[in-house]
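Architecture at a glance
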Amino acid sequence: MPRVGIVMGSDSDMPIMSKAAEILDRLGIDYEMRIISAHREPDLFFEYAKSAEERGYKVIIAGAGKAAHLPGMCAAVFPMPVIGIPMKTSDLGGVDSLYSIVQMPTGIPVATVAINGAANAGILAAKILATGDPEILERLKAYSAELKEQVEAKDARLQETGWREYSGS
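Residues numbered from 1 in each chain as written. Predicted model: local features only at pLDDT ≥ 70, side-chain atom pairs only at ≥ 80, totals over all residues. Heavy atoms only, no water.

**Describing the sheet that holds strand 4 (residues 82-86)**
With respect to topology, five strands assemble into an open sheet ordered 2-1-3-4-5, the strand pairing being parallel. Each edge of the sheet is formed by a strand with only one pairing partner; in this case those strands are strand 2 (31-35) and strand 5 (111-112). Where strand 3 (residues 59-64) and strand 4 come together, five bridges link them in parallel fashion. Bridge pairing in strand 4 places Ile61 opposite Ile83. (Pairing = 2+ DSSP bridges. Helix = DSSP H or I, 4+ residues; strand = E, 2+ residues; numbered from the N terminus.)

**A short note on the environment of Gly93**
Within the fold, Gly93 resides in the loop between strand 4 and helix 4 (95-102). Owing to a relative accessible area of 30%, Gly93 belongs among the partly exposed residues under this scheme. Beyond its immediate chain neighbours, meaning those up to four positions away, Gly93 contacts Lys88 and Ile115. (Buried < 20%, exposed > 50% of the residue type's maximum accessible area, 1.4 Å probe, protein only. Contact = heavy atoms within 4.5 Å.)

**Comments concerning the packing of aromatic side chains**
Considering all chains together, one arrives at two aromatic pairs under this definition. Relative to Tyr57, the ring of Tyr48 lies with its centre 5.9 Å away and its plane at 70 degrees, an arrangement referred to as edge-to-face. When sorted by exposure, Tyr48 lands in the same class as Tyr57, which is buried. The ring centre of Tyr57 lies 4.7 Å from the NZ or CZ of Arg55, which sits over that ring. (Phe/Tyr/Trp six-rings, centres within 6.5 Å; stacked < 30°, edge-to-face > 60°. Lys NZ or Arg CZ within 6 Å of the ring centre and 35° of its normal.)

**Points about the packing of helix 2 (residues 42-51) against helix 3 (residues 69-77)**
Contact pair helix 2 / helix 3: the axes reach a minimum separation of 9 Å and the direction vectors enclose 50 degrees. Taken as axis vectors, helix 2 and helix 3 run oblique relative to one another. In terms of crossing hand, the pair formed by helix 2 and helix 3 is right-handed. Touching Phe45, Phe46, Ala49 and Lys50 of helix 2 are Leu70, Met73, Cys74 and Val77, all from helix 3. A class-by-class count of the residues in the contact of helix 2 with helix 3 yields seven nonpolar, no polar and one charged. (Axes fitted to C-alpha atoms, helices over the stretch in contact; angles between N-to-C directions. Parallel < 35°, antiparallel > 145°, perpendicular 65-115°, else oblique. Left-handed = near helix turned anticlockwise from the far one by under 90°. Nonpolar A, V, L, I, M, F, W, Y, C, P; charged D, E, K, R; others polar.)

**Re helix 5 (residues 118-130)**
Given a rise of 1.5 Å per residue, 13 residues ought to cover 18 Å, and the 18 Å separating the end C-alpha atoms of helix 5 matches this to within 8%. Residues Ala118, Ala121, Gly122, Ile123, Ala125, Ala126, Leu129 and Ala130 constitute the buried set of helix 5. Check the buried side of helix 5 and you find it contacts strand 1 (4-8), helix 1 (14-26), strand 3, strand 4 and helix 6 (134-161). (Expected span 1.5 Å × (residues − 1).)

**Digging into the side chain of Ser97**
By the element assignment, Ser97 lies in helix 4. Within the local environment of Ser97, its side chain forms a polar contact with the backbone oxygen of Met87, the two atoms lying 2.9 Å apart. When sequence neighbours within four positions are dropped, the list of residues in contact with Ser97 reads Ala64, Gly65, Lys66, Ala68, Pro86, Met87 and Thr89. (Polar contact = N/O pair within 3.5 Å; in protein donor to acceptor, adjacent residues only side chain to side chain.)

Next up, the structure:
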């Protein structure tokens, strides 16, 4: 049973939203990914959001661009955490999406990550789940250790080769 729902309003969001799925895959967390437009198919959207809790979701990750109503509408209907991913747009570079998601009214919070920040949305969903699941917590700790090791290896290479060779200049 999926514990996380990943939802986007358009398949054009897939290249970004897939980064959340990759993180959840890496951490061994089941999810369901859907394309549902809150504007174009409101009945389907409401059915999805209203039934998410009974389907076992603990967190919804919702990505949206421009008016970006999908995350906020999920938060209005789903009683557990919603993480919004503002999509970069051609019109305003994603600032429109960011403002739409982050400026929710009192009582309807949406945790919001950076523009196109789907990987962090996946990590945040895992951290939320880890508060009640020691196995996920251990996998998150191992993931963090891997990130630390990657930085240390890059620094060691820089120290060994110097910045010109490291950067290819």
